[in-house]
Amino acid sequence: MASSISNILNTKLRFTGMASGLDTDAIVQQMIRVQQAKVDKVKQEKQLLEWKRDDYRSIINMLRSFKDEFFDVLKPATYMRSSSTYYAYKVKTTDENVATAKSNGKVAMMEHTIKVEQLAEKAKMESRVGELGLNGLSMDSKISEVANSLGLNLEDNKLSLEINGEEIKISADKTLNDLISAINNSDAGVRISYSSFLDKFIVESKATGADAKIDVISNSNAKNLFYGLGFDVDEVKYGKNAKFKLDGKKDSNGQEVITEKNSNTFTIDGVTYTLTGVGEAKITLTQDTDAIYEKIKSFIDKYNEIVEKITTKVTEKRPRSGGTDKGDYYLPLTDEQREAMTEDEIKKWEEKAKTGLLRNDSLLHGVLERMRSAMNDLTEAGGLFSIGISTGSWRNGAKLFIDEDKLKKAIEDNLDKVVEIFTKTSEISYSPDNSSELRDKRYKESGVVERLFDVLQDYIRTTRSESGQKGLLLEKAGLVGDVTEYQNTLTKQINEKQDYIQELINKLYEKQESLYIKFAYMETALSRMSAQSSWFTQNFNR
């Protein structure tokens with residue numbers, strides 16, 4: 001019944017019991033079972049720590065996912081710290097062939113009239129048809145051939161030309177097609193396309209507006225190249241600005257003001273317009289209560305999901321064998337126990353052994369208590385309960401409940417108040433090194449989302465405080481991919497257990513070797529006694 005540890009220790013080829021007839025291996029294994037049990041016990045303790053660390057890390061990842069979804073400024077659609085996120089509008093336009101619109105946060109006016117006189121355009125040039133072929137060239141022609149045909153200057157076997165002041169260089173053994181790609185991928189701000197069917201080039205600026213240009217006349221190589229490709233290159237080509245009149249705005253003389261933009265898409269007073277044609281259109285915005293409600297509900301639902309999972313972890317009991325409160329806890333299996341079980345039995349056992357490891361965990365209780373306080377305490381603008389979001393009984397922990405009718409009414413009647421309850425910002429920024437007085441002041445001045453942000457920062461922050469500490473959960477269990485993956489409290493304890501296991505195994509090996517030596521002495525003595533007995537028997541029988 002030698003376990004895997006014993007098998008590892010007993011690696012020497014031994015011939016035992018030759019004189020005594022005893023099963024020395026079995027006897028030795030029995031004699032070191034007490035020491036081996038110590039090894040198994042510490043291995044179980046190490047495994048429990050590893051499972052506990054995994055549980056913590058799953059919670060860390062869940063909180064990070066929540067933070068990434070709702071607290072990331074690069075995701076404006078769900079960035080709950082910004083007031084703009086809470087404003088949503090339905091938009092109607094009388095003529096989408098003139099203009100369309102959408103809102104980007106709170107808008108100043110709900111009705112707009114726009115008269116489009118000119119769309120923004122790119123700077124553009126078109127070549128004459130067939131010019132490339134007339135010069136005996138193709139897109140596969142070498143730059144050296146193009147230079148000879150069009151009178152371009154090569155230096156050090158390279159062609160250099162400037163477009164919009166940007167220098168482009170290309171080797172003479174490359175092709176015209178390579179040159180076009182080099183121009184398109186450069187910072188010259190233009191794009192060239194070629195129709196092989198028409199044998200025609202088109203050059204456009206990448207940007208629109210009066211500042212967009214195509215300047216190939218300032219450089220002789222560029223000018224000769226484009227002229228040879230069929231372009232009229234007598235002057236710099238410029239784009240056009242969009243021109244429009246908005247909401248009857250007038251100047252000091254009573255004349256309607258013509259506004260210019262370098263793009264057909266622009267934002268004015270929270271409304272993003274996209275011009276599509278010349279003409280007049282009326283645009284009407286109405287508050288989209290359902291969309292705003294769904295944004296808030298999505299945030300609360302995710303919050304509740306986190307709260308429920310953490311609550312489950314801190315309240316689930318560790319199962320005991322026999323299904324009673326008096327049996328032993330399910331522990332990680334020893335190597336010997338695994339050898340006697342099927343894979344399915346091992347899986348079911350380990351599921352029970354992993355359950356309840358974070359029961360009554362003080363660190364996670366702290367997370368729940370602070371999350372509940374952040375969402376339940378009054379803000380200077382009021383409490384969530386006043387707009388239809390409230391905590392339940394103490395049995396529900398930090399979970400929130402939404403009264404849909406009450407929340408939608410609050411959104412319709414006073415959206416600004418709803419936004420302030422969620423997003424009010426303190427003049428004091430978050431810092432792990434803030435004094436208790438500054439923390440209290442920031443908490444009092446902040447809305448519920450800012451308060452929740454502080455909780456997340458305190459527990460899963462990846463930046464260090466002045467004392468070198470990261471978030472509390474990272475210091476406890478570490479984050480994969482971060483330095484805390486290997487530098488955290490639980491990993492330190494796991495490493496200490498591993499060192500102790502190795503120490504016990506070394507002692508176990510020494511004990512085993514000592515026993516084998518003693519048995520070897522015994523075998524030698526018995527062998528000598530047997531030889532002497534044989535000698536006496538032979539001599540007395542003569």
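Residues numbered from 1 in each chain as written. Predicted model: local features only at pLDDT ≥ 70, side-chain atom pairs only at ≥ 80, totals over all residues. Heavy atoms only, no water.

(A) Layout of the overall build of the chain. Helix and strand counts for the chain come out as 17 helices and 18 strands. For the chain, the C-alpha radius of gyration of 40 Å lies well beyond 24 Å, the compact-globule estimate for 542 residues. In terms of overall dimensions, the chain has C-alpha extents of about 140 × 75 × 45 Å along its principal axes. In the chain, which comprises 542 residues, the proportion classed as buried is 40%. Taking the contacts inside the chain whose residues are at least 6 apart along the sequence as the reference set, 67% of them involve residues at least 24 apart. (Helix = DSSP H or I, 4+ residues; strand = E, 2+ residues; numbered from the N terminus. Rg over C-alpha atoms; globule rule 2.2 N^0.38 Å. Buried < 20%, exposed > 50% of the residue type's maximum accessible area, 1.4 Å probe, protein only. Contact = heavy atoms within 4.5 Å.)

(B) Inspection of the side chain of aspartate 55 at higher detail. For aspartate 55, the position within the fold is in helix 3 (residues 33-70). Excluding residues that lie within four positions of it along the chain, aspartate 55 makes contacts with Lys313, Lys354, Leu357 and Leu358.

(C) Spatial organisation of the pairing of strand 16 (residues 279-287). Of the strand pairs in this sheet, strand 1 (residues 89-93) and strand 16 are connected by 5 bridges, and their pairing is antiparallel. Each bridged residue has a counterpart across the sheet, and for threonine 93 the counterpart in strand 16 is isoleucine 283. Looking at chain direction, strand 3 (residues 111-118) and strand 16 are connected through 6 bridges and run antiparallel. Opposite threonine 113, over in strand 16, you have lysine 282 as the bridge partner. (Pairing = 2+ DSSP bridges.)

(D) Quick look at the pattern of salt bridges. Enumeration over the complete set of coordinates arrives at 33 salt bridges. Here lysine 497 ties to glutamate 45 by a salt bridge, and the two come within 2.7 Å at their closest N and O atoms. Placement of the pair is lysine 497 in helix 17 (residues 489-540) and glutamate 45 in helix 3, with a sequence separation of 452 residues. The exposure class of lysine 497 is partly exposed, given its relative accessible area of 24%. With a closest N to O distance of 3.4 Å, glutamate 503 and lysine 507 form a salt bridge. Here glutamate 503 pairs with lysine 507, and both are found in helix 17, just 4 residues apart, close to one helical turn. Given a relative accessible area of 38%, glutamate 503 falls into the partly exposed group. (Salt bridge = Lys/Arg side-chain N within 4 Å of Asp/Glu carboxyl O.)

(E) Spatial organisation of the nonpolar core. Core analysis: the largest hydrophobic core is formed by 78 residues, its most contacted members being Ile114, Ile296, Phe299 and Phe422. Setting aside residues no more than four positions away along its own chain, isoleucine 296 makes contact with Met80, Tyr86, Ile389, Leu407, Ile411, Val418 and Phe422. Core analysis: the next-biggest nonpolar cluster, separate from the first, contains 32 residues, Ile180, Ala188, Val203 and Phe226 among them. (Core = buried A, V, L, I, M, F, W, Y, C linked by side-chain atoms within 4.5 Å.)

(F) Expanded view of the sheet that holds strand 12 (residues 242-246). An order of 1-16-3-12-13 is seen for the 5 strands of this open sheet, with the pairing classed as antiparallel. Lying at the two open borders of the sheet, with one neighbouring strand each, are strand 1 and strand 13 (259-261). Taken pair by pair, the neighbouring strands of this sheet meet at an average axis angle of 30°, ignoring direction. (Axes fitted to C-alpha atoms, helices over the stretch in contact; angles between N-to-C directions.)

(G) Expanded view of unusual backbone geometry. Not every positive phi belongs to a glycine, and asparagine 157 is a case in point at roughly 60°. Counting through the fold element by element, asparagine 157 comes out in the loop between strand 5 (154-155) and strand 6 (158-163). One non-glycine residue, asparagine 164, adopts positive backbone phi at about 55°. With respect to the secondary-structure elements, asparagine 164 resides in the loop between strand 6 and strand 7 (166-171).

(H) Geometry of the packing of helix 3 against helix 15 (residues 448-460). At a minimum axis distance of 11 Å, the contact between helix 3 and helix 15 shows a crossing angle of 140°. The angle between helix 3 and helix 15 falls in the class oblique. Once helix 3 is placed against helix 15, the crossing between them reads as left-handed. Together, Ile60, Leu63, Arg64, Phe66 and Lys67 of helix 3 and Leu452, Phe453, Leu456, Gln457 and Ile460 of helix 15 make up the contact between the two elements. Looking at the contact of helix 3 with helix 15 residue by residue, the classes come out as 7 nonpolar, 1 polar and 2 charged. (Parallel < 35°, antiparallel > 145°, perpendicular 65-115°, else oblique. Left-handed = near helix turned anticlockwise from the far one by under 90°. Nonpolar A, V, L, I, M, F, W, Y, C, P; charged D, E, K, R; others polar.)

(I) View of the packing of aromatic side chains. Evaluation of the coordinates by the stated rule reveals 13 aromatic pairs. With centroids separated by 6.2 Å and ring planes inclined at 80°, the aromatic side chains of tyrosine 430 and phenylalanine 453 adopt a geometry described as edge-to-face. In this pair, tyrosine 430 is assigned in the loop between helix 13 (415-423) and helix 14 (436-445) and phenylalanine 453 in helix 15, connecting sequence segments 23 residues apart. The class for tyrosine 430 is buried, based on a relative accessible area of 16%. Take phenylalanine 453: its relative accessible area is 9%, and that puts it in the buried class. The structure contains a cluster of three or more aromatic residues connected by ring pairs, namely Phe66, Phe70, Phe71, Phe299, Tyr430 and Phe453. The cationic tip of lysine 408 hangs over the ring face of tyrosine 293; the distance from NZ or CZ to the ring centre is 5.0 Å. For arginine 451, the ring lying beneath its charged end belongs to tyrosine 443, and the centroid distance is 4.1 Å. (Phe/Tyr/Trp six-rings, centres within 6.5 Å; stacked < 30°, edge-to-face > 60°. Lys NZ or Arg CZ within 6 Å of the ring centre and 35° of its normal.)

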